[in-house]
Amino acid sequence: MSIRALNITKSFGRYTALDHVSLEVPAGKLVSLLGPSGSGKTTLLRILAGLEFPDPGSGARVFFHEHEVTATPAGRRGVGFVFQHYALFRHMTVADNIAFGIRARPRAQRPGQEQIRERIATLLQLVQLDGLQQRYPSELSGGQRQRVALARALAVDPKVLLLDEPFGALDAKVRKDLRRWLRLFQEEIKITTVFVTHDQEEALELADAVVVMNNARIEQVGDPQEVYDRPASPFVIEFLGNVNRITAGAGHTTGSSMDALYVRPHDVDLQPVHSAERHHYALEARVQHVFSAGNYARVSLEGTGNREPFEAEISRARLSELALRPGDHVAVVFRHVRLFPKGEYIEADVDKGRLVTPSFEGTGPA
Amino acid sequence: MASIVTRIRGEPLRKSQSTTTEPAWCRRLMIGTGLVFLLFLLLMPLVAIAYEALRHGIGLCLATFVDPHARSAILLTLTVAAICVPVTMVFGLAAAWAITKFSFRGKSLLTTVIDLPFAVSPVIAGLIFILIFSGTHGYLGPYLEAHDIRVIFALPGIALATLFITLPFVARELIPIMQSQGREEEFAALTLGAGGWRTFSRVTLPNVKWGLFYGLILCNARAMGEFGAVAVVSGNIKGKTSTMPLYIETLYFEYNSVAAFSLASILTGLALVTLLLKNVVEWRMTRRPS
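Residues numbered from 1 in each chain as written. Chains lettered and ligands numbered in written order. Predicted model: local features only at pLDDT ≥ 70, side-chain atom pairs only at ≥ 80, totals over all residues. Heavy atoms only, no water.

**Quick look at the nonpolar core**
Residue and element names in this part refer to chain A. Within the largest apolar cluster, 45 residues are counted, with the highest numbers of intra-cluster contacts made by I98 and L150. With six residues, the single largest contributor to this core is helix α4 (residues 142-154). In contact with I98, other than residues within four places in its own chain, are I120, L123, L124, V148, A151, R152 and A155. Residues I47, L51, A74 and F100 belong to the second largest nonpolar core, which totals 42 residues. (Core = buried A, V, L, I, M, F, W, Y, C linked by side-chain atoms within 4.5 Å. Buried < 20%, exposed > 50% of the residue type's maximum accessible area, 1.4 Å probe, protein only. Helix = DSSP H or I, 4+ residues; strand = E, 2+ residues; numbered from the N terminus. Contact = heavy atoms within 4.5 Å.)

**What to know about the confidence of the model for chain A**
Residue and element names in this part refer to chain A. Looking at chain A, the pLDDT average stands at 85 and 88% of residues meet or exceed 70. The least confident element of chain A is strand β19 (residues 346-349), whose mean pLDDT is 66; the most confident is helix α2 (residues 94-103), at 95. For the stretch residues 250-257, pLDDT sits under 50, and the model shows 10 contacts to residues farther than four places along the chain or on other chains. Confidence over residues 353-366 falls short of pLDDT 50; this stretch has 40 contacts with residues more than four positions distant or in other chains. (pLDDT = per-residue confidence, 0-100.)

**Points about the interface of chain A and chain B**
The interface of chain A with chain B comprises 22 residues on the first partner and 18 residues on the second. In total, chain A and chain B occlude about 1900 Å² of area from one another, counting both sides; carbon and sulfur atoms represent 62% of this. For the chain A face of the interface with chain B, the top three residues by lost area are R90(A), H91(A) and F100(A), together amounting to 32%. For the pair chain A and chain B, the interface holds one salt bridge. Between E185(B) and R90(A) there is a salt bridge, with the nearest N and O atoms lying 2.7 Å from each other. (Buried area = accessible area lost by both parts, 1.4 Å probe. Salt bridge = Lys/Arg side-chain N within 4 Å of Asp/Glu carboxyl O.)

**Thoughts on α4(A)**
For α4(A), built from 13 residues, the straight-helix expectation of 18 Å at 1.5 Å per residue is met to within 8% by its first-to-last C-alpha distance of 18 Å. Looking at α4(A), one finds that the buried residues are G143(A), Q146(A), R147(A), V148(A), A149(A), L150(A), A151(A), R152(A), A153(A) and L154(A). Turning to α4(A), the residues buried within the fold contact β6 (79-82), α2, α3 (113-126), β7 (160-164) and α5 (172-189) of chain A together with α11 (184-191) of chain B. (Expected span 1.5 Å × (residues − 1).)

**So, the side chain of R46(A)**
Counting through the fold element by element, R46(A) comes out in helix α1 (residues 41-49). On the basis of relative accessible area, R46(A) is assigned to the buried category, the value being 11%. Not counting residues up to four positions away in its chain, the partners in contact with R46(A) are L51(A), E52(A), F81(A), F83(A) and F187(B).

**Details of the domain arrangement of chain B**
All names here are of chain B. Per the domain assignment, the segments making up chain B are domain 1 (17-54) and domain 2 (58-287). Computed over C-alpha atoms, the centres of domain 1 and domain 2 are 31 Å apart. Taken together, the five residues of domain 1 in the interface contact 10 residues of domain 2. With both chains or domains summed, domain 1 and domain 2 bury close to 620 Å², and 77% of this area falls on carbon and sulfur atoms. A per-residue breakdown of the area domain 1 buries against domain 2 is headed by I49, E52 and A53, which together make up 67% of the total. Remark: the boundary between domain 1 and domain 2 carries zero salt bridges. (Domains from an automatic or database assignment.)

**Considering the packing of aromatic side chains**
Considering all chains together, one arrives at 14 aromatic pairs over all chains under this definition. Consider the rings of F89(A) and F100(A), whose centres lie 4.6 Å apart with planes at 45°: the pair is tilted. Placement of F89(A) in the loop between β6 and α2 and of F100(A) in helix α2 is noted, with a sequence separation of 11 residues between them. A residue is classified by how much of its surface remains accessible, and F100(A), at 4% relative accessible area, is buried. Where F310(A) meets F334(A), the ring centres are 5.5 Å apart and the plane angle is 85°; that geometry is what we call edge-to-face. Note that F310(A) is positioned in strand β16 (residues 309-315) and F334(A) in strand β17 (residues 329-334), a separation of 24 residues in sequence. Joined through ring pairs, the aromatic side chains of W97(B), F102(B), W197(B) and F200(B) make up one cluster. Above the ring of F63(A), the side-chain terminus of R4(A) is found at 4.8 Å from the ring centroid. (Phe/Tyr/Trp six-rings, centres within 6.5 Å; stacked < 30°, edge-to-face > 60°. Lys NZ or Arg CZ within 6 Å of the ring centre and 35° of its normal.)

**With respect to the pattern of salt bridges**
Scanning all chains against the criterion turns up 26 salt bridges over all chains. A salt bridge links R179(A) to D199(A); the shortest N-O distance between them is 3.9 Å. Residue R179(A) is found in helix α5, and its partner D199(A) is found in the loop between β8 (192-197) and α6 (200-206); the two are separated by 20 residues along the sequence. Comparing R179(A) with D199(A) shows no difference in burial state: the two are buried. Residue E226(B) is joined to R222(B) by a salt bridge in which the shortest nitrogen-to-oxygen separation is 2.9 Å. E226(B) gets classed as buried once you look at its relative accessible area, which sits at 4%. With relative accessibility at 30%, the residue R222(B) sits in the partly exposed group. What you see here is one network of salt bridges that share partners, running through R175(A), K176(A), R179(A), D199(A), E201(A), E202(A) and E205(A).

**Things to note about the sheet that holds strand β9 (residues 209-214) of chain A**
Residues and elements named next belong to chain A. With respect to topology, six strands assemble into an open sheet ordered β6-β7-β8-β3-β9-β10, the strand pairing being mixed. Lying at the two open borders of the sheet, with one neighbouring strand each, are β6 and β10 (217-222). Ignoring strand direction, the axes of neighbouring strands in this sheet form an average angle of 15°. Summarising the sheet, β6 and β7 pair through four bridges and their orientation is parallel. In the sheet register, F81 faces β7, and the bridge partner there is L162. Taken strand by strand, α4 contacts β6 and β7, and its axis lies near 165° from that of β6. (Pairing = 2+ DSSP bridges. Axes fitted to C-alpha atoms, helices over the stretch in contact; angles between N-to-C directions.)

Following this line, the structure appears as structure tokens:
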């Protein structure tokens, strides 16, 4: 079932959590709301769930498929909600937790004891926790608790699954496993799913579409590749992945003055200062540190002109070729640069002939 | 701790470890002081009550409970407790629920007002009710007189005064528990389609049941033992408005110390049972899966 939220505004006292936000989630898709804390992503999710309601009189409307649910309370929206800290009923067994939603139905729609027991067993199998019916939440690990919470949410046959930082309270390894499992699971049952996260890696890996939020507004909506490769704003490029922000003067191609230009560390190429392969556009920088633990080596550098710090990510083979040490001078080429001049978006690529070179000279203390 | 650890390892206690634990003489002095206070202020009076009650034989002691005035005092005390405990429970649950699960105007005022009975002297609590309900000079006096309703020097007054004193017990116990548990379980119940009552009875109440029980035990003990506020409003009419604590005092001033102490041992016994229950509940609360 598709979700359509139109013109959502929500304030808490004088604080605006959502400022005229509209969002559409196609049926069967897995969409992530990504943003820093305080960006409004959780509030938006809770409004979709019916746990919060938009400001009255703001013209906000929420539709599930074609039905308007703006004023429908959570219990009658047919949503499954999973909380960051599980919110399992601590005094109930796993079985009772899962059956809670079924038993809360009106008597006429309530299945018999035997059917409920079967349903619990099926759901536990689905979340790979067979046989744990009689355990209490306190006897389970974090990953198990979150899967019980998911089974409990699915027990009421929701049309929409909403997850609020579902992996936020888990440790790194469990988080990765569970993330992969959720992806497969969602593909299998094809339920429209929205999840909130502040972890960009999680959003990019898991979602069909990423909704980047900041400051009570949506900055960009797109599939993971799109938001990563074609960020719509300085905020998006800074929030998604590592990026060097270089406060430079004018870009040579456009001539207009910029606040800053952005270069991903893996788009920074390093070359020996005195060599034939040195690119004629290259700038000079001084090596400060070399971090070589990991798949790639990270080199932190400082422009020789204005002492602007930035980072390069090069392969370890390239690092040993260059034999860089702190204090060495290197030639730097930015292979791919992004600029955001007043609402426009400019991309420059060294290999395609359009090049932007920041003028290190003249901006900082020379 | 340090000394335990070293003993397990089989090493002798060395002087250098005294930085982590007090010197032996200091520990003994502190424990000793504590024990002496306990002995003189708590244990001896308890023993003395039982001793005084039984000094002239168990027969005389039991004779106290044949006294119709003593019986009426016990009955009155039980009646007052039976009124106060449920009312305090309902109020406590409602107040704690409202304060911890919702935000509304005047919330901090309510939180403060709940503590008022703890801060006000019981005598003043009694006087407030005289001021409002007294037949001769209370604000509502003329109205009550006209309708022949007796509040002061009667059961309603005693119950009201006791209620005032015991009102915070359950709420005070529940608020921190509910605050630490947060609202997420209730939200989860709502998304699963449960209504308000089902959410309260199946989720909220079971989560606080031991805290609630603990509050009720304390409330009951106080309701039975309250002296100051009740003394002001009851008029202490023997056989009519004299509660157990009041009647004990009366008996004592009439030099009937056997009867006074016999009745006092019942209150004391009740206190001991309360303490026992309290410990059982505390044990359950810590053992309960969190």
